[in-house]
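Chain residues, written in single-letter form:
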Amino acid sequence: MVAGTEVRHPIADPSGQPTGRRRRLVPVLLVVGWLVGVGWRMWLSRHVPLPIAHTDEDSYLHTARALAGGPGGFSSENGPLRRVGYPLLISPAFLGERDFTDSYRLVQLINAVLNATVLPLAYLLVRRLVPVGRAVALAAAAVAATLPATVFYAGVAMIDAVLTPLVLAWLLAVHHWVRRPGPLAAAGVGALVGVFHLLHSRGLVIVGVHVGLVLLLFLRRRATPAQVLAAVLPVLALALANEVVIRLLGDRVYLLGDPPGGGTVRAVASGAGLLRVGAAVATQLWYLVVITFGLAGVAWAGAVRLLLRPAPTPASGPASASAPATASALSSGTPATPVGTSAAGGGSAADEAAIRWTVGVAVVTSVGVAAGASVILAGITSKPLDAIYGRYVQMLAPFWLLVGVGMLVTATPRVRWRRAAVAAGVLLAGATLIAARLAWVAGRGHELRYGGFGAPDLMALTGGWREFRPFTGAAVGVAGCLLLVAAVRSPRWRVPVLAALVVVNLGTMQVITDRLVRPMVAATAPTPRVADLGVRPGDRVWASLGVQWVLRFNLSHQVTWADVRWFVDNPPADAEVVFVRWAPGAPDDWDGTRHGFVRLGGNPEQHWAAWRRR
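Residues numbered from 1 in each chain as written. Predicted model: local features only at pLDDT ≥ 70, side-chain atom pairs only at ≥ 80, totals over all residues. Heavy atoms only, no water.

Trainee: Which parts of the structure should I look at to understand the nonpolar core?
Mentor: Most often, soluble globular proteins keep nonpolar side chains buried together rather than apart. In this structure, Tyr86, Trp170, Trp177, Trp286, Phe399 and Trp400 are the most contacted members of the largest nonpolar core, which totals 156 residues. Among the elements that take part in this core, helix 8 (residues 160–179) stands out by supplying 13 residues, more than any other. The residues contacting Phe399, other than those within four sequence positions of it, are Leu125, Leu129, Leu168, Leu171, Thr358 and Ala362. Counting residues in hydrophobic clusters, the runner-up holds 15 residues, among them Val535, Val541, Leu555 and Ala610. (Core = buried A, V, L, I, M, F, W, Y, C linked by side-chain atoms within 4.5 Å. Buried < 20%, exposed > 50% of the residue type's maximum accessible area, 1.4 Å probe, protein only. Helix = DSSP H or I, 4+ residues; strand = E, 2+ residues; numbered from the N terminus. Contact = heavy atoms within 4.5 Å.)

As structure tokens, this is what we get:
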């Protein structure tokens, strides 16, 4: 990913033990690391027995329950952006008769198992893109797998838990397809893109990038008509599968979301609207640089250099695999082979082409996802705009961190510092832009929304739990980047420094758990449980809109045998149990005696009670 004059040849793996033993050790370490990652994620989620990310979690869980043959419920999705992939994935957790908390734990386990695959996927990716030793690749993969941006959503029923490994798998598949073209490789890429579309509306951006990639490869004679067909058919098949499942669900899951339309158009159909969207896109990209300790900025600096450099002309014969050329391209040949040799028999031109196309796809995807999210969020006029909402781009953080590590390890000292300067410039310019945006909005008597799910890792790294601290974030990113550049000069310091980043990630996740997750659980978990109040399977249960909405949702989840509908004041005639507001002495305290109910209990501090009809 660097010019030939800017690269140092990678140091071969030490030969203190037989090569075969080292090769066997890596898979063992990856499997053990994956198992440890699953356990760590489940340990982090031990404090979360009920959803805290409303209403997204509620929507996925209701749909999953309906797909498993149980009752449905509401979904906050809208028709055009509705997806069933994640509910299908977690629906086995709702098979059989079990307490909601047990089903929720199974959902967390499914998330943890899939989310922890970031470790082996990251290792494979860095070994394909960067000529580094196994130890450095393992350490870099461990950093990527423990990033809070990777791990945070594994503890809740959110699609983001599985999108991060899917991004790495997709980019690996793109690299393989370009390097070894064939219908099977093309079909693999198409299948992963189709899964994206099946999972989330962000998949629309991925589908758009995929279409552009297929067309460009075809026009440049890198893909045959058979490969084009193989790359497109899986996407169409999975898009059709999404529609089929939606039809099968029928009205068991009813939608409460408004389709994007006039509000979205009005939000961007002006100069001021475009500026707001542009500022939101820049904020999300700046956020990626901060949470990767500046490495995303380093990666982008190298990516621009790589993409603007003229593509090499493929050569025939053994000379095409010369060591300097392959080092220049950061060969993606089999890692165990010496630099300058492609285990596939291909030359360095094919290797560099695969890297260029993969990085180019990642760049377009990053900007596209940030822009798409900003446009959609700008059209939601019922809520204040976000100061930052990094959730949609978090799935790309591990990839850019890995590329950034490669950009530092393989470059000369002068190039390292030059790229670090670019990253620092991005961080400082972004912080200045964000501070100006916040001041401009505040000067007009408004404020931008700033919440826990917007950027939890940024909150922890900057101590900004109640206010956005852009310059503190820039300082964190610059400091991390400079330390990394100084440390990687010596090969013996590379693994220890990357291991230190793993420790930082572990500590950051613990801070997020203590300062953000556990308070959310305390504020959103109704006590006591409805089962302890005598609410039994088979009861016809309704909930009043007078109960605070988060508590109402979590009370309703415990009624696993029915869809709990809502009423305003007078309960329906068929209601046997109702959840209502309990506010002693307040005018809106619900008196069930006048409706023929008797109170079972509840929590006056949380302002809810359960009543049963006499």
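Trainee: Could you clarify how one ought to interpret unusual backbone geometry in this entry?
Mentor: Both trends apply: most residues other than glycine have a negative phi, and most peptide bonds are in trans. Of note, the bond from His54 into Thr55 is cis; its omega dihedral lies within 30 degrees of zero at 5°. On the secondary structure map, Thr55 appears in the loop between helix 1 (19–44) and helix 2 (56–67). Pro528 follows Thr527 through a cis peptide bond whose omega is 0°. If you trace the backbone, Pro528 turns up in the loop between helix 21 (491–524) and strand 3 (541–544). The backbone phi angle of Phe293 is positive, close to 60°, even though this residue is not glycine. Here Phe293 is to be found in the loop between helix 13 (271–291) and helix 14 (295–308). Relative accessible area serves as the criterion here: at 6%, Phe293 is assigned to the buried category. The phi torsion at His607 lies on the positive side, around 65°, for a residue other than glycine. In this structure, His607 sits in the loop between strand 6 (597–603) and strand 7 (608–613). Residue class for His607 comes out partly exposed when judged on its relative accessible area of 32%.

Trainee: Just to check I follow, could you spell out the packing of helix 5 (residues 118–129) against helix 17 (residues 397–409) for this structure?
Mentor: Axes are the key here: two packed helices are described by the angle between their axes and the distance separating the axes. Two elements in contact, helix 5 and helix 17, have axes separated by 10 Å at closest approach and are oriented at 40°. If you check the angle between helix 5 and helix 17, you find them oblique. In the packing of helix 5 onto helix 17, the handedness of the crossing is right-handed. The residues of helix 17 that touch helix 5, namely those facing Ala122, Leu125, Val126 and Leu129, are Phe399, Leu402 and Val403. (Axes fitted to C-alpha atoms, helices over the stretch in contact; angles between N-to-C directions. Parallel < 35°, antiparallel > 145°, perpendicular 65-115°, else oblique. Left-handed = near helix turned anticlockwise from the far one by under 90°.)

Trainee: What's the story with the packing of helix 9 (residues 183–199) against helix 10 (residues 203–219) in this structure? I'm lost.
Mentor: At their nearest, the axes of helix 9 and helix 10 sit 7 Å apart, and the two run at 155° to each other. Our classification of the angle between helix 9 and helix 10 gives roughly antiparallel. The interaxial crossing formed by helix 9 with helix 10 has left-handed handedness. On the side of helix 9, the interface is formed by Val189, Gly190, Val193, Phe196 and His197, while helix 10 contributes Gly203, Leu204, Ile206, Val207 and His210. Taken together, the residues of the contact of helix 9 with helix 10 sort by class into six nonpolar, four polar and no charged. (Nonpolar A, V, L, I, M, F, W, Y, C, P; charged D, E, K, R; others polar.)

Trainee: Explanation requested: helix 17 in the structure shown.
Mentor: Since the α-helix packs 3.6 residues into each turn, any two residues three or four apart lie on the same face. For helix 17, with 13 residues, the first-to-last C-alpha span of 18 Å sits near the 18 Å given by 1.5 Å per residue. Counting buried positions along helix 17 gives 13 out of 13 residues, so the element sits mostly inside the fold. (Expected span 1.5 Å × (residues − 1).)

Structural measurements only, silent on function.
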